[in-house]
Amino acid sequence: MAQVLEAIASLLAGELARTNSPWVSRHRLGELFSTAYGLDLERLVEQRGYGKDVRRFLTHSRRFSIYSYQQPQNYYVAPLNLVVPGRLKSGHPKPKLHRM
């Protein structure tokens, strides 16, 4: 699934360059994934044991931030490190350097 996460990160980076916004709708992400890889993202995630819940898959990875919008199935995705500065790819806080 690491390849899927890298593919999603790449798609989000492309949209950031195009729109100058880190946020991409769930629907748009699905479209981008389908166009780029010829695969349905929901079906792929379901086959990997996450049900049809792409949101859970993205959240579980700790690499992406989710912004809910009115209905639970409508949400936006952004790379965590762009919307929550000071986070490592793992989602953990960056260690603080102590001055001596």
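In case you missed it, the structure is sitting above this.
Throughout, a residue's number is its position along its own chain's written sequence, starting from 1. Where totals are concerned, whole chains, interfaces and linings use all residues; where local detail is concerned, this predicted model gives features only for residues with pLDDT of at least 70, and gives and counts side-chain atom pairs only at 80 or more. With hydrogens and water excluded, all non-hydrogen atoms of the structure serve as input to the side-chain values.

All right, on to the pattern of salt bridges then. For this analysis, a salt bridge means a side-chain nitrogen from Lys or Arg found within 4 Å of a carboxyl oxygen belonging to Asp or Glu. Applying the stated criterion across every chain yields a total of 5 salt bridges. The shortest N-O distance in the salt bridge between R63 and E6 comes to 2.9 Å. Here R63, found in the loop between α4 (54–61) and β2 (64–69), pairs with E6, found in helix α1 (residues 2–19); they are 57 residues apart in sequence, far enough to count as distant. Relative accessibility decides the category of a residue: with a 1.4 Å probe and only protein chains considered, values under 20% of the type maximum give buried, values over 50% give exposed, and everything between is partly exposed. Here R63 falls in the buried class, since its relative accessible area comes to 18%. In this structure E6 comes out as partly exposed when scored by relative accessible area, which is 42%. Between R28 and E31 there is a salt bridge; the shortest N-O distance is 3.5 Å. Within this pair, R28 and its partner E31 are both found in helix α2 (residues 26–37), separated by 3 residues, close to a single helical turn. Taken together, the salt bridges that share partners define one network made up of E15, R18, R28 and E31. In this description a helix means any DSSP run of H or I spanning at least four residues, a strand means any run of E spanning at least two, and both kinds are numbered starting from the N terminus.

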